[in-house]
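Architecture and fold: a report
Each chain is listed here by its residues.
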Amino acid sequence: MKNNRLIIFASLVLAGILLVQFNQIPNLDKQLGQARADLKQAKANQVKSQTIVSSPKSRQETVSNSTSRVNKFVQTFSNQPTSSYPDSLKGLASQKVINELTQTFAPSVTFSDKAYYDVPLVGLKNAWGSDLEYLVIAKSDTQSVAYTITYDTDEKQVTDMSRLTLKGAFDNEK
């Protein structure tokens, strides 16, 4: 009889423990869902951190490609007749810049058929924005011309430019 009471008591204790465990299942499901969401967020943050850490190299490639495109842009508009700008500069510059070059810059600079403009200096002013700012000097045998150029890395084209006055002669050999 004593063993029966002990077995009944143990069974009631185990049933109580089992009942408490079943009541905790919804809370555990919520905790599991929250833990999964936290893990997903942590993985996303890790990918973001890896991108930020590796971005200087990709940014360096972007700046290098942009610099060569700006150099090509200046070479193209400096060494071609104004009438060919709409076709030759398409893709290198925005329509606003092409119009400004055609109407404003080109008549004020002597671009003759015999003068060849070299681009000895393309200086980067700001490398960390989405718009890169350059100082570019185009030089021929007779004159040197300086420009500030804004290059949009998203659109991959020159979006703004202005001509600067140079005092004295620019000589890149000194």
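All values derive from a computational prediction rather than experimental measurement.

Turning to the overall build of the protein chain, a few remarks are in order. The secondary structure content of the protein chain amounts to three helices and four strands. When the helices and strands of the protein chain are listed from N to C terminus, the series reads α-α-α-β-β-β-β. Out of the 174 residues in the protein chain, the part that is buried amounts to 24%. Sequence-distant contacts in the protein chain: of pairs separated by 6 or more residues, those separated by 24 or more amount to 48%. When the accessible surface of the protein chain is totalled, it reaches about 12,200 Å², and 55% of it is carbon and sulfur.

Further remarks concern the pattern of salt bridges. Under the counting rule described, the total for this entry stands at two salt bridges. The shortest N-O distance in the salt bridge between Lys96 and Glu100 comes to 3.8 Å. Placement of both Lys96 and Glu100 in helix H3 (residues 95-108) is noted, with a separation of four residues, approximately one turn of the helix. Residues participating in the shared-partner salt-bridge network are Lys96, Glu100 and Asp160.

Turning to the nonpolar core, a few remarks are in order. Counting residues in hydrophobic clusters, the biggest one holds 22 residues, and the most contacted among them are Phe73, Phe77, Leu89, Leu101, Tyr134, Ile149 and Met161. Contributing elements (two or more residues each) for this core: helix H1 (2-78), H3, strand S2 (131-139), strand S3 (144-152) and strand S4 (157-164). Element by element, the count of residues in this core is highest for H1, at five residues. Filtering out sequence-adjacent residues up to four positions away, Phe73 remains in contact with Leu89, Leu92, Ala93, Val97, Leu101, Ile149, Val158 and Met161.

On to the environment of Leu166. By the secondary structure assignment, Leu166 is in the segment after S4. With relative accessibility at 35%, the residue Leu166 sits in the partly exposed group. Taking C-alpha positions, Leu166 is 6.6 Å from Ala146, a pair spaced 20 residues apart along the chain. Each residue touching Leu166, except ones within four places of it in the same chain, is listed here: Ser144, Val145 and Ala146.

What counts and what doesn't
Residues numbered from 1 in each chain as written. Predicted model: local features only at pLDDT ≥ 70, side-chain atom pairs only at ≥ 80, totals over all residues. Heavy atoms only, no water. Helix = DSSP H or I, 4+ residues; strand = E, 2+ residues; numbered from the N terminus. Buried < 20%, exposed > 50% of the residue type's maximum accessible area, 1.4 Å probe, protein only. Contact = heavy atoms within 4.5 Å. Areas by Shrake-Rupley, 256 points an atom, 1.4 Å probe, with all protein chains shown as cover. Salt bridge = Lys/Arg side-chain N within 4 Å of Asp/Glu carboxyl O. Core = buried A, V, L, I, M, F, W, Y, C linked by side-chain atoms within 4.5 Å.

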